[in-house]
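Descriptive analysis of the structure
Below are the chains, spelled out letter by letter.
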Amino acid sequence: MNKLTQRIDKERLLLGIAAPLLAVVAALVVTTLVILATGKNPGAAFSDMLTYGSASDSQVYILNKATTYYLAGVSVAIGFRMNLFNIGVDGQYRIAAFFAAVLGGALTTPGWISIPLIILCAMATGAVWAGIAGVLKVTRGVSEVISTIMLNAIATAIIAYLLQPGKLAELQAGGTVVSTKPLPESSYFFQIDTGAAGELWGFIVIAVIVGIAYWFVLGRTRFGFDLRTVGQSESAAAASGVSVKKMIATSMLISGAIAGLIGMPTLLNDSHQFSNDFPVGIGFTGIAIALLGRNNPVGIALGALLWGFLERTTNHLEFEGYDKEILGVIQGVIVLCVVIAYEVVRRYGLKRQQQRVGAELAAQAATRTQKQEVA
């Protein structure tokens, strides 16, 4: 049996490596065909992407983008691990960033007080917004997909209503930009000066801490075990004494709290205010990145870096005469290939494992039969 276990573990490792390799190869093939269909040279496109993406300023840009994307991916992944589809991350982070910006603009306290207050405000707002969907699910059985989609629309309406001069916003110099009151310089988050390459956002440190906490809590604590158990089988979790409703509500609160952090790198390290051009759609990007990373903290980080790399390099391709829609095509192809590849490999691995276990049990049964005949 030990030999069987070792063989299964080796196969599992090989299959784990095969899945992303298969996805990458398939994505490259499909992307090559798409670029060829546009009448362009795919080899030149890939070469230009690698050259431009490896430049020092591009690396800083990619890391800054990946910081935001990583937080979005972790927020979505928490729901996925509970078998919940928190599609409302986009609305949660935007309304959280808005109220955090309003609070930050009103504060006159030192930075060591105001920055934690802004971050806590964002996390609390995101948690409350996601918690509404959690409460609706455990009390009324409302699907979190439906409720979070509706909450996205409500968040957009609330922000549009309050982001007006005379309410919680003001007209900036020039009369063209409406935004919340800018944060004082004392509330700026630290940045790492990399010289000519630009400034690396200090919020990347918070993203790393979030990733470590995500790994530890879900993989090394009783709470994480209960969460994963409920995600795999609610009936089995309930039979073992876990409160399924409590875990659902708690998971939505945590997911929303992390969603509240998504807008913080932009608010505290870049724009220092919330306006109509504040980034949108990052919550949906987080869904793709969580799928790419298979809800694993390291996998999500790699997915976030890949997304930042693609965004940086494909935008550059547009200046080289390539169609701007290539970015969306490549991103969509990669997600599809990853999902399909992992599912194919998973089914193949399950089939192989069943075959090996069956063969081993049959061999053991034959051995016992022979010993009985001899006796």
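Predicted, not measured: the structure shown is a model, and the values here were computed from it.

Cut-offs used in this document
- Residues numbered from 1 in each chain as written.
- Predicted model: local features only at pLDDT ≥ 70, side-chain atom pairs only at ≥ 80, totals over all residues.
- Heavy atoms only, no water.
- Axes fitted to C-alpha atoms, helices over the stretch in contact; angles between N-to-C directions.
- Helix = DSSP H or I, 4+ residues; strand = E, 2+ residues; numbered from the N terminus.
- Parallel < 35°, antiparallel > 145°, perpendicular 65-115°, else oblique.
- Left-handed = near helix turned anticlockwise from the far one by under 90°.
- Contact = heavy atoms within 4.5 Å.
- Nonpolar A, V, L, I, M, F, W, Y, C, P; charged D, E, K, R; others polar.
- Salt bridge = Lys/Arg side-chain N within 4 Å of Asp/Glu carboxyl O.
- Buried < 20%, exposed > 50% of the residue type's maximum accessible area, 1.4 Å probe, protein only.
- Polar contact = N/O pair within 3.5 Å; in protein donor to acceptor, adjacent residues only side chain to side chain.
- Core = buried A, V, L, I, M, F, W, Y, C linked by side-chain atoms within 4.5 Å.
- UniProt positions renumbered as here; feature names shortened; annotations may be inferred.
- Phe/Tyr/Trp six-rings, centres within 6.5 Å; stacked < 30°, edge-to-face > 60°.
- Lys NZ or Arg CZ within 6 Å of the ring centre and 35° of its normal.

This brings us to the packing of helix H3 (residues 56-81) against helix H7 (residues 204-220). Any two packed helices are characterised by how steeply their axes cross, that is the angle between the axes, and by the distance between the axes. Closest axis-to-axis distance for the H3/H7 pair is 9 Å, and the angle between their directions is 20 degrees. With respect to H7, the element H3 is oriented roughly parallel. Crossing of H3 over H7 shows left-handed handedness. Contacts from Leu-63, Thr-67, Tyr-70, Leu-71, Val-74, Ala-77, Ile-78 and Arg-81 in H3 reach Ile-204, Ala-207, Val-210, Gly-211, Tyr-214 and Leu-218 in H7. When its residues are assigned to classes, the contact of H3 with H7 shows eleven nonpolar, two polar and one charged.

Think of it this way: side chains of opposite charge can pair up when their charged atoms draw near. Following the criterion strictly, the structure yields five salt bridges and no others. Note that Glu-144 is salt-bridged to Lys-137, the shortest N-O span being 3.1 Å. For Glu-144, a relative accessible area of 8% corresponds to the buried category. Across the salt bridge formed by Asp-226 and Arg-222, the nearest N and O atoms sit 2.9 Å from each other. On the criterion of helical spacing, the pair formed by Asp-226 and Arg-222 is a turn pair, its members being four residues apart in helix H8 (residues 222-232). Look at Arg-222 and you get exposed, because its relative accessible area is 57%.

Turning our eyes to something else, we now look at the side chain of Ser-114. One can find Ser-114 in helix H5 (residues 111-140). A distance of 2.9 Å separates a polar atom in the side chain of Ser-114 from a polar atom in the side chain of Ser-187. Filtering out sequence-adjacent residues up to four positions away, Ser-114 remains in contact with Leu-107, Thr-109, Ser-186 and Ser-187.

What follows concerns the packing of H5 against helix H10 (residues 244-261). At a minimum axis separation of 6 Å, H5 and H10 run at an interaxial angle of 145 degrees. Read as a crossing pair, H5 and H10 show a hand that is right-handed. Taken together, the residues of H10 that come into contact with H5 (itself represented by Ile-119, Ala-122, Met-123, Gly-126, Ala-127, Ala-130, Gly-131, Ala-133, Gly-134, Lys-137 and Val-138) are Lys-245, Ile-248, Ala-249, Met-252, Leu-253, Gly-256, Ala-257, Gly-260 and Leu-261. Grouping the amino acids of the contact of H5 with H10 by side-chain chemistry returns 13 nonpolar, five polar and two charged.

One recurring pattern in soluble globular proteins: nonpolar side chains tend to sit buried together. By size, the foremost hydrophobic cluster in this structure holds 86 residues, and its most contacted members are Met-264 and Leu-268. If we skip the residues at most four places from it in the chain, Leu-268 touches Ile-115, Ile-118, Ile-119, Leu-183, Ser-187, Tyr-188, Phe-189 and Phe-203.

Most of helix H12 (residues 282-292) sits out of view: nine of its eleven residues are buried. Every buried residue belonging to H12 is among Ile-282, Gly-283, Thr-285, Gly-286, Ile-287, Ala-288, Ile-289, Ala-290 and Leu-292, and all of these are buried. Where H12 terminates, the next one or two residues include Arg-294, which has phi positive at roughly 55 degrees.

UniProt's entry tags residues 12-38, 58-80, 92-109, 115-136, 145-163, 200-218, 248-268 and 326-345 with the feature "transmembrane region" (unreviewed entry), counted in the numbering of this structure. Within the segment residues 200-218, helix and strand shares are 79% and 11% respectively, and the terminal C-alpha atoms sit 29 Å apart. In this annotation, residues 248-268 is assigned 90% helix and 0% strand; the end-to-end C-alpha distance for the span is 31 Å.

It is worth spelling out the environment of Thr-32 at this point. Inspection of the secondary structure assignment puts Thr-32 in helix H1 (residues 2-37). Each C-alpha atom of the pair Thr-32 and Leu-50 lies 15 Å from the other, and the pair is 18 residues apart in sequence. For Thr-32, the residues in contact, after removing those within four places along its chain, are Pro-42 and Phe-46.

On to the packing of aromatic side chains, then. For any two aromatic rings, the description comes down to two numbers: the centre-to-centre distance and the angle of the planes. For the coordinates displayed, the defined rule picks out seven aromatic pairs. Aromatic pair Phe-98 and Phe-99: ring centres 5.2 Å apart, planes at 75 degrees, arrangement edge-to-face. Seen from their ring centres, Phe-274 and Phe-278 are 4.6 Å apart, and the 20 degrees between their planes marks the pair as stacked. In this structure Phe-278 comes out as buried when scored by relative accessible area, which is 6%. Three or more aromatic residues link up through ring pairs in this structure, and these residues are Phe-98, Phe-99, Phe-274 and Phe-278. Across from the ring centre of Tyr-322, 5.9 Å away, lies the NZ or CZ of Lys-40, which sits over that ring. Here Lys-167 stacks its cationic end above the ring of Tyr-161, 4.8 Å away from the centre of that ring.

Positionally, Ser-179 belongs in strand S2 (residues 178-179). On the basis of relative accessibility, which here comes to 0%, the residue Ser-179 falls in the buried class. When residues no more than four places from it in sequence are discounted, the contact partners of Ser-179 are Leu-163, Ala-169, Glu-170, Gln-172, Gln-273, Phe-274 and Ser-275.

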